[in-house]
Amino acid sequence: MTRKRLLLFDVDGTLVNTGGAGVESLKTAVRSRFGATDDLHDIEIAGKTDRAIIRDILCKYQIDPNEENIASFAQDYIHRLPLSLSHSRGRVLPGIRRLLERLRPQLNIVLALLTGNLQQGAKLKLQHYGLWDFFEFGAFADDHHDRNELGTFARERAQTRHGHDFDAADIDVIGDTNHDIACGKAFGARTIAVATGSWSRERLQRCAPDFLFDDLADTDEVIKKLGW
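Scoring rules and cut-offs
Residues numbered from 1 in each chain as written. Predicted model: local features only at pLDDT ≥ 70, side-chain atom pairs only at ≥ 80, totals over all residues. Heavy atoms only, no water. Helix = DSSP H or I, 4+ residues; strand = E, 2+ residues; numbered from the N terminus. Buried < 20%, exposed > 50% of the residue type's maximum accessible area, 1.4 Å probe, protein only. Contact = heavy atoms within 4.5 Å. 1 Å grid on protein atoms, 1.4 Å probe; cavity = no way out; pocket = protein on both sides within 12 Å on 5 of 7 lines; lining within 4 Å. Points joined across faces, edges and corners; volume = space filled by probe spheres on them. Nonpolar A, V, L, I, M, F, W, Y, C, P; charged D, E, K, R; others polar. Axes fitted to C-alpha atoms, helices over the stretch in contact; angles between N-to-C directions. Parallel < 35°, antiparallel > 145°, perpendicular 65-115°, else oblique. Left-handed = near helix turned anticlockwise from the far one by under 90°. Phe/Tyr/Trp six-rings, centres within 6.5 Å; stacked < 30°, edge-to-face > 60°.

## Some points on the side chain of Lys-125
Part 1 of the argument: In this structure, Lys-125 sits in helix α5 (residues 119-128).
Part 2 of the argument: When its relative accessible area of 3% is taken as the criterion, Lys-125 is described as buried.
Part 3 of the argument: Discounting residues that sit within four places of it in the chain, Lys-125 has contacts with Val-11, Asp-12, Thr-18, Gly-22, Tyr-77, Leu-81, Leu-85 and Asn-117.

## Remarks on the layout of surface pockets
Part 1 of the argument: There is about 470 Å³ of room inside the largest pocket.
Part 2 of the argument: Taken together, 29 residues form the lining of the largest pocket, with Asp-12, Gly-13, Val-23, Ile-45 and Ala-46 sitting closest to its centre.
Part 3 of the argument: Per element, the largest residue contribution to the lining of the largest pocket is 4 residues, and it comes from helix α1 (residues 21-34).
Part 4 of the argument: For the lining of the largest pocket, the class distribution of residues is 8 nonpolar, 14 polar and 7 charged.

## Section: the packing of helix α4 (residues 96-103) against helix α9 (residues 219-226)
Part 1 of the argument: Here α4 crosses α9 at 55°, and the two axes come no closer than 10 Å. For the element pair α4 / α9, the angle class is oblique. Seen from above, α4 lies across α9 with right-handed handedness. Contacts from Arg-98, Leu-99, Arg-102 and Leu-103 of α4 reach α9 at Thr-219, Asp-220, Val-222 and Ile-223.
Part 2 of the argument: Along the lines of polarity and charge, the residues of the contact of α4 with α9 split into 4 nonpolar, 1 polar and 3 charged.

## Details of the packing of aromatic side chains
Part 1 of the argument: Under the definition given, this model contains 4 aromatic pairs.
Part 2 of the argument: Aromatic rings pair up to connect Phe-9, Phe-135 and Trp-228 into one cluster.

As structure tokens, then:
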């Protein structure tokens with residue numbers, strides 16, 4: 001049986017830059033619910049799960065971050081996201097579409113998502129940019145508020161779909177922040193950092209990923225280096 005490799009891609013800053021559509025939807029939800037014009041500068045967003053971000057926002061406004069309140073805010077955020085996407089000037093990041101087109105036909109490669117986005121948020125973003133159908137499944141903020149727990153969900157789903165275990169050595173986590181690197185290391189996966197998001201190459205280097213790229217534009221070189 002062909003030994004398969006599981007590639008787990010982050011969304012924001014790795015696959016796409018939405019032009020701030022997600023943050024804009026959060027800000028609009030805050031304005032609607034709390035009557036506050038808030039730039040959310042004091043809320044860490046990059047690399048964190050939507051559930052963790054919403055929890056921090058609720059705490060800031062002294063709202064109990066229980067399941068009901070998190071779910072209500074999340075629904076409001078998702079409702080506003082399509083309009084924000086349509087108004088934003090986002091883009092697919094360099095080399096991503098070509099890389100996915102090269103990888104998808106390969107029988108030994110499984111393409112999936114590991115992202116802090118809620119599943120519906122990830123779907124809306126990636127459908128907007130024509131990338132959603134490249135991925136078989138994913139692990140999302142719906143599964144757990146702690147990103148470091150998401151690898152387990154992704155791995156179990158891969159095993160269920162493909163009928164065999166994926167050793168940690170056969171899994172790559174690809175992302176653009178320290179949270180992606182930490183998440184991969186948490187379950188022993190190979191970590192691949194790309195400096196296409198808010199984290200600079202220097203900051204990412206200090207997190208000691210296994211591989212670090214400025215971007216994924218050179219498809220042949222990326223595939224050769226990573227053995228894909």
